[in-house]
Amino acid sequence: MASPAPRLLLPEAPSLVAAFGRATLLSTEGEVRVLGAASVAHALAEQAAPLLVHAPATARRLDLPPFEEALDLLELFAFVCPAEPAPPTPRGLALALDLPVPADDEAAAILLPELAGALLRRLSRLAGTEAGRGAAAIAAHLRDAIAWPWAESVLAALGQTGMKATRDALKVWRRLPEWEETGPPPPPASHAVSPADARRRLAEMLGSVAEQRPQQADFASAAAAAFAPREAEGAPQLVLAEAGTGTGKTLGYIAPASLWAERNGAPVWLSTFTRNLQRQIDGELARLFPDPEERRSRVAIRKGRENYLCLLNFDESLGQAGMRGMALPLALVARWASATRDGDIQGGDFPGWLLELFPPGTLAGFADRRGECIRSACPHYKKCFVEHSIRRARHARLVVANHALVMVQAATGGGEDGRPTRFVFDEGHHIFDAADNAFSAALSGVEALELRRWLLGAEGGRSRAKGLRARIEELAGDIPDLLPPLEAALHAARTALPTSGWFSRIGDEAPLAPNPAEVFLHAVRAQVLARVPQDDGVYSLECDLHPVGEALAEAGDALRRALEGLETPLTTLRDRLRARLEEEDSGTMDAGERIRLETAMGGIERRALSPLAAWRGMLGTLAAPAPESGTRPVMVDWLQLDRRDGRDWDAGLHRHWLDPTIPFAQVVAAPAHGLLVTSATLTDAARRNDPEAAWREAEARTGAVHLPAPAIRAAVPSPFDYARNTRAFVVTDVDTRMAGQVSGAMRDLFLAAGGGALGLFTAIRRLREVARRIAPPLEAAGLPLYAQHVDAMDNATLVDVFRAEEDSCLLGTDAMRDGVDVPGRSLRLLVFDRVPWPRRTILNRERRLHLSGGHPQNHDDAEARHRLRQAFGRLVRRADDRGVFVLLDRAAPSRVLAALPEGVVPRRVPLAEAIRETRALLEGYGTERGENPG
């Protein structure tokens, strides 16, 4: 029997668009009303559930409780267009659906029903197909489970109004492809890429109609040197290339990298620091591989396992599919999983705003964040998104990864992807910070609790976490000689490691039980509180490890012995698994069993033995004499008490390399054959008159000084006319200590620019206070305000909204300063609340002292200049962009302002003059080239 013809069934509902403190309401009769916040609740009570975009954000903006019922177009978009991008606003949805963009809130309210119709029409194209029947099955489940308000409209559009719900509707893995195992790739050849080759490949990618950028071709030529054959072991071909903003460096390095990969039969890894740039590089690769299928086979995106949807975790969550709070999240994730390119749930094609539609933590368990992956013992192993990405990476030409994954995998001998021989490190100015994170260690309550959970599993509560016993049974089966060391390890974990109640007891005067970890953590907290110069009760505190107090020394020694008691049986367990692998006749052990044994052995090594060895080494320093004053340490150790909202929540002993580029050079750079390290800000702009000194500092920051062969240096200037298209001001009459003055200055500057403004802060507390003060007046002027740490959106979503809403304003911290690409009118004003000095920490103190060449202030100045220079680079992304840079810190020294591009002369002016000049430069910006200014 044929399915009935699809029809549109649009629900009758008023349309609601919210701003801070007011709303625009379009009734079902066509009447448009603008209401104050106090009147909105009463007006809504008299009508049906409203049609809107982003129900939680709408309620927050109107200071209303969460909507009990609403027709949220974001829910419908996520169902109809899974894995497709769209900023979560009416304008954003209009752009995504190729509909006219609303100029104001009234136009947006009128557009909402049309958006719903466009989505349902798109869905109706699936009627009668296998994809359509799968979507209808999920809609029928939502209709019966929670009476989802869009369910009947969706089923009507699919021609399936009478479909019955089934229990299997959400079992998305049944519709996913399986990966196929292939043999290991052959070793790469060593054919070079000449500068002329790189230029030709670049020209092919750009095509004949592309904008000519001589600097881009020069950069591609210089980058080609990183793809020459290596001449000596441990001495990679290293190129440091600074490419000014607008050079087009992404395509510039893709040209020689892709050519080398083709000629030599091995991938080049393109590594970034931020997820934003990973997405941008992926987009740029469409120039090289226009066909999506070819791009999928030639390009792999790699992240850590914690970034991907775990099908086993999702499978286990389906037991909650009938619960009202979980039915819709599970259904929308199932829709996304059936359409996603690679299963990346932390910034790939998963819409970041989807997390915001539901209570915090609703989707937290869907990724493998507990280190519990059981590899081939998993029933979904052959369809696993992570395993798919690993196998694509082995045979891809280009792998787009991130610094953290590259460094962690190099430290473990190459990890799951093997050891690449060629790297491009974009955002190369972040190598120091990425290495600092990757090669550090912390013995804290949080880390010790995580190890206990990994070993013992769930100890009460609702957690599904499995312990080591369950994983060994799943992976290694019944091996009798594993039982004694397993039991000994679990017993040691129960007695040595802190229990889950540690968080609530951190502020007690003494631990309630003689647990060596808790005793140690209490002693850490006591020494910190005794040694800090001043405790304001709000911020986290830290103090030097030495001189070590008697109580801390005794507690550390007891904990060290307890951890040795845990490490010994775990080592025995690992060794017996290894012996099983080595002794087993390879002809009788199948590949699956071998993988399971290797997984069990590797998990013990990675998740338990490695941190235990690091902790034991750190605790050993407590008994060692304090280092002599003036000596340069290799490691920096300190004690830290962490606080959230003024409440103690963790304590611990921390260890970082004084110079983390040493391990980077040893485990990442030296084994490679070629590396290109590139950024717009590799060198210190203040050293323009001494380029040799500038390059030496860049080599120190990237680890080049620790390699035997000298780096090849290249610099390509920006093609932009900054002197003509930008202005820079230091405001002289704002007291940055006064939140009211900072708020007033930002408000008036944002209004003068007409939006398109990014405010950057060095402290989250100040950001939140300014956001609270300036949101109402900006919204009243038609300039929506969004803020990191205020709006429940991830950073990528905030940037997407900011880019789409040309007259919106955005407040953020460090993450909004780097790797954000917002060309055109959407970013035309950038305001810093203060000079972004590095935080005054013990680690900063030691690096100022020992890595500054005897001039500690130079270290801080260079850090501040790098941050200002990176921020300024966000302002102008195209040749015809205009922008204003404002620093509200009147105490800003001229030496840090040298960070600004050559030709940009910052002027110290009163706020009123900065406002006038901002308005003068930006007035009419965009209209003269035919852009829609609204």
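Everything quoted here is computed from the prediction, not taken from an experiment. (Residues numbered from 1 in each chain as written. Predicted model: local features only at pLDDT ≥ 70, side-chain atom pairs only at ≥ 80, totals over all residues. Heavy atoms only, no water.)

(A) Just the pairing of strand E13 (residues 635-644), in detail. Counting buried positions along E13 yields eight of 10 residues, so the element is predominantly enclosed. Bridge count for strand E12 (residues 541-544) against E13 is four bridges, and the pairing is antiparallel. Each bridged residue has a counterpart across the sheet, and for Asp544 the counterpart in E13 is Trp638. Taken together, the 10 bridges between E13 and strand E14 (residues 647-657) define a ladder with antiparallel strand orientation. When the bridges of E14 are listed, Arg644 appears paired with Arg647. Where E13 hands over to E14, the hairpin turn is made up of two residues, of which Asp645 adopts a positive phi near 50°. (Buried < 20%, exposed > 50% of the residue type's maximum accessible area, 1.4 Å probe, protein only. Helix = DSSP H or I, 4+ residues; strand = E, 2+ residues; numbered from the N terminus. Pairing = 2+ DSSP bridges.)

(B) Local environment of the sheet that holds strand E19 (residues 785-787). The sheet built from seven strands is open, its strands ordered E19-E20-E18-E21-E22-E17-E23 with parallel pairing. Of all strands in the sheet, those bounded by a partner on one side alone are E19 and strand E23 (907-909). Averaged over all pairs of adjacent strands, the angle between their axes in this sheet comes to 20°, without regard to strand direction. In this sheet, strand E22 (residues 883-887) lies alongside strand E21 (residues 829-832) in parallel orientation, the contact comprising four bridges. Across the sheet, the residue bridging to Leu829 is Val884, located in E22. Here helix H34 (residues 911-922) sits on the sheet and contacts strand E17 (726-731), E21, E22 and E23; the angle it forms with E17, its principal contact strand, is near 165°. (Axes fitted to C-alpha atoms, helices over the stretch in contact; angles between N-to-C directions. Contact = heavy atoms within 4.5 Å.)

(C) Structural view of unusual backbone geometry. Cis rather than trans, the peptide bond between His546 and Pro547 has omega equal to 0°. Mapped onto the fold, Pro547 is located in the loop between E12 and helix H23 (550-583). We note that Asp98 has phi near 60°; this positive angle belongs to a residue other than glycine. Structurally, Asp98 can be placed in the loop between helix H4 (90-96) and helix H5 (105-124). The exposed category is assigned to Asp98, whose relative accessible area is 70%. Here Ala147, not a glycine, exhibits a phi torsion of approximately 50°, which is positive. Following the sequence through the fold, Ala147 ends up in the loop between helix H6 (130-146) and helix H7 (151-157). Classification of Ala147 by relative accessible area gives exposed; the value is 57%.

(D) Broad picture of the pattern of salt bridges. In this structure the tally under the stated criterion is 63 salt bridges. Glu181 is the partner of Arg391 in a salt bridge, and the nearest nitrogen-oxygen pair spans 3.1 Å. On the criterion of sequence distance, the pair formed by Arg391 in helix H15 (residues 385-395) and Glu181 in the loop between H7 and helix H8 (195-206) is long-range, its members being 210 residues apart. Owing to a relative accessible area of 10%, Arg391 belongs among the buried residues under this scheme. With relative accessibility at 43%, the residue Glu181 sits in the partly exposed group. (Salt bridge = Lys/Arg side-chain N within 4 Å of Asp/Glu carboxyl O.)

(E) View of the nonpolar core. Leu73, Val154, Leu309 and Phe314 are the most contacted members of the largest nonpolar core, which has 80 residues in total. Mapped by element, the contributors of at least two residues to this core are helix H3 (73-80), H4, H5, H6, H7, helix H13 (311-317), helix H14 (324-337) and H15. Ignoring sequence-local partners within four residues, the contact set of Phe314 consists of Leu170, Val172, Trp173, Leu309, Leu330, Val333, Ala334 and Phe366. Core analysis: the next-biggest nonpolar cluster, separate from the first, contains 53 residues, Leu451, Leu486, Ala517 and Leu653 among them. (Core = buried A, V, L, I, M, F, W, Y, C linked by side-chain atoms within 4.5 Å.)

(F) Structural detail: the environment of Ala914. Relative to the helices and strands, Ala914 is located in helix H34. You can call Ala914 buried: its relative accessible area is 0%. Put simply, Ala914 and Arg324 are 590 residues apart on the chain and 53 Å apart in space, counted from C-alpha to C-alpha. Not counting residues within four places of it along the chain, the set of residues in contact with Ala914 comprises Phe729, Val731, Leu749 and Val909.

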